[in-house]
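Next come the chains, spelled out residue by residue.
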Amino acid sequence: MADRASEARPLALITGASAGIGAAFARAYAARGYDLALSARRADRLEALAAELAAAHGIEAFAIPADLAVFEAHAAVLAAVSARGRAVDALVNNAGFSIAQSFVGVPWERQRDFLMTLVVNACGLAYGVIPGMVERRRGTIVNVGSLAAFAPGVAGHSLYPGAKSLMVSFSQALAAELKGAGIKVTATCPGFTLTEFAEANGTKAVMDAAPRRFFQTADQVVAATLAANDRGRVVVIPGLHNQIAAAVLRYMPRPLLIAILNRASAKYHLGD
């Protein structure tokens, strides 16, 4: 149960918090004086990060091990927060992965898990925390999208652009619905970021060969995201080079864009 000191501090719930952008969000919110509810599958990493940040910032941090690929997993995560007598003041929907094979190149269960993790349970978490935020007249929701949200689909990563595009549109809809309720909603759309993401989907060797000047650190992405959220921006694209890329994706003639992307993305499409 929460003590009086922790009840006075806001709580940030961060999914996919065991590494990469999720861990960077945890560090940033801890530095802002938030207590932390950290969720991911790897309990050992969550516990270590929670202990580190609690000691460094004098906040409460606790782990909620969960696999968001499981149906209704969001409910168990929110129940774990409630069991501690806490309410969520900031939600970061960051958990995710990608599938570098073609759509039918992997079992359907894998594609279903992808949708559960990136879309269904992320929306479920937002659905669960919004009423309390509205009642308290304050709150933050950050949905981690991708530069891919602005791109047409190409071979491989079949569901990824669509899922990320949905989270951008979802964020815009929430921002419109919650206008005046004291809740700031932001979709952040980073490009290449130095995380374990490529290692997990099998494209690390290809990504390692890409020029480093096109990559950002997770801390840079998070800093840009939180600054944009503070200002009430609904969609943010961290990094000038990514903003230029997004403009190209929006305004280049579609047939030419699709041809270029299909050729450029072929190296990221693994064999089935």
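Nothing here was measured: the structure is a model prediction, and the numbers come from that model.

**Q** Just give me the short version of the overall build of the chain, but keep the residues and values in it.
**A** When its secondary structure is counted, the chain shows eleven helices and nine strands. Counting over 272 residues, the chain shows a buried share of 49%. Summed over its atoms, the accessible surface of the chain is roughly 12600 Å², and 58% of this surface lies on carbon and sulfur atoms.

**Q** Outline the pattern of salt bridges, listing residues and values.
**A** A full pass over the atoms with the stated rule returns nine salt bridges. Taking the shortest distance from any N to any O, the salt bridge between Arg 27 and Glu 52 comes out at 2.4 Å. In this pair, Arg 27 is assigned in helix H2 (residues 20–31) and Glu 52 in helix H3 (residues 43–57), connecting sequence segments 25 residues apart. Using a relative accessible area of 36% as the deciding quantity, one classes Arg 27 as partly exposed. Note that Asp 230 and Arg 32 form a salt bridge whose closest N and O atoms lie 2.8 Å from each other. Placement of Asp 230 in helix H9 (residues 218–230) and of Arg 32 in the loop between H2 and strand E2 (35–40) is noted, with a sequence separation of 198 residues between them. You can call Asp 230 partly exposed: its relative accessible area is 39%.

**Q** Which residues make up the nonpolar core, and what values go with them?
**A** Within the largest apolar cluster, 30 residues are counted, with the highest numbers of intra-cluster contacts made by Ile 14, Phe 25, Tyr 29, Leu 36 and Leu 38. When contributions to this core are tallied by element, the ones reaching two or more residues are strand E1 (11–15), H2, E2, H3, strand E3 (61–65), strand E4 (90–93), strand E5 (139–144) and H9. Among the elements that make up this core, the one with the highest residue count is H2 (eight residues). Counting 28 residues, the second largest nonpolar core, distinct from the first, contains Leu 13, Ala 73, Leu 78 and Val 81.

**Q** For the pairing of E5, give the residues involved together with the corresponding values.
**A** With six of six residues buried, E5 lies mostly within the body of the structure. Neither face of E5 is exposed, since Gly 139, Ile 141 and Asn 143 on one face and Thr 140, Val 142 and Val 144 on the opposite face are all buried. In the sheet, E4 pairs with E5 via four bridges, with the strands oriented parallel. Directly across from Val 92, in E5, lies its bridge partner Val 142. This β-α-β element, E4 to helix H5 (residues 108–136) to E5, shows right-handed connectivity. With six bridges joining them, E5 and strand E6 (residues 183–188) adopt parallel strand pairing. Bridging across to E6, Thr 140 finds its partner in Lys 184.

**Q** Describe the packing of aromatic side chains, listing the residues and the values that go with them.
**A** Overall, the coordinates contain five aromatic pairs when judged by the stated rule. Judged by centre distance (6.4 Å) and plane angle (70 degrees), the rings of Phe 103 and Trp 108 are edge-to-face. Given a relative accessible area of 39%, Phe 103 falls into the partly exposed group. Since its relative accessible area comes to 47%, Trp 108 is described here as partly exposed.

Rules and cut-offs
- The written sequence of each chain sets the order in which its residues are numbered from 1.
- Residue-level local features of this predicted model are given only where pLDDT is at least 70; pairs of side-chain atoms are given and counted only at 80 or more, and the full residue set underlies all totals for whole chains, interfaces and linings.
- Note: side-chain values were computed over all heavy atoms of the structure, leaving out hydrogens and water.
- Helix and strand assignments follow DSSP, with helices taken as H or I runs no shorter than four residues and strands as E runs no shorter than two, numbered in order from the N terminus.
- For each residue, the accessible area found with a 1.4 Å probe, counting protein chains only, is set against the maximum for its type, and the residue is called buried under 20%, exposed over 50%, and partly exposed in between.
- For every accessible area listed, the method is Shrake-Rupley and the probe measures 1.4 Å; residues are considered covered only by the protein chains on display.
- Salt bridges are identified by distance alone: a Lys or Arg side-chain nitrogen within 4 Å of an Asp or Glu carboxyl oxygen.
- The nonpolar core is taken to be a set of buried Ala, Val, Leu, Ile, Met, Phe, Trp, Tyr and Cys residues, with the residues joined through side-chain atoms within 4.5 Å.
- Strand pairing requires that DSSP identify at least two bridges connecting the strands.
- Assignment of crossover handedness uses the view with strands pointing away from the viewer, where a clockwise path from the first strand over the helix to the second indicates a right-handed crossover.
- For Phe, Tyr and Trp, where Trp contributes only its six-membered ring, two rings pair if their centres lie within 6.5 Å, and the inter-plane angle classes them as stacked under 30 degrees, edge-to-face over 60, or tilted in between.

Coordinates in, geometry out; function isn't part of it.
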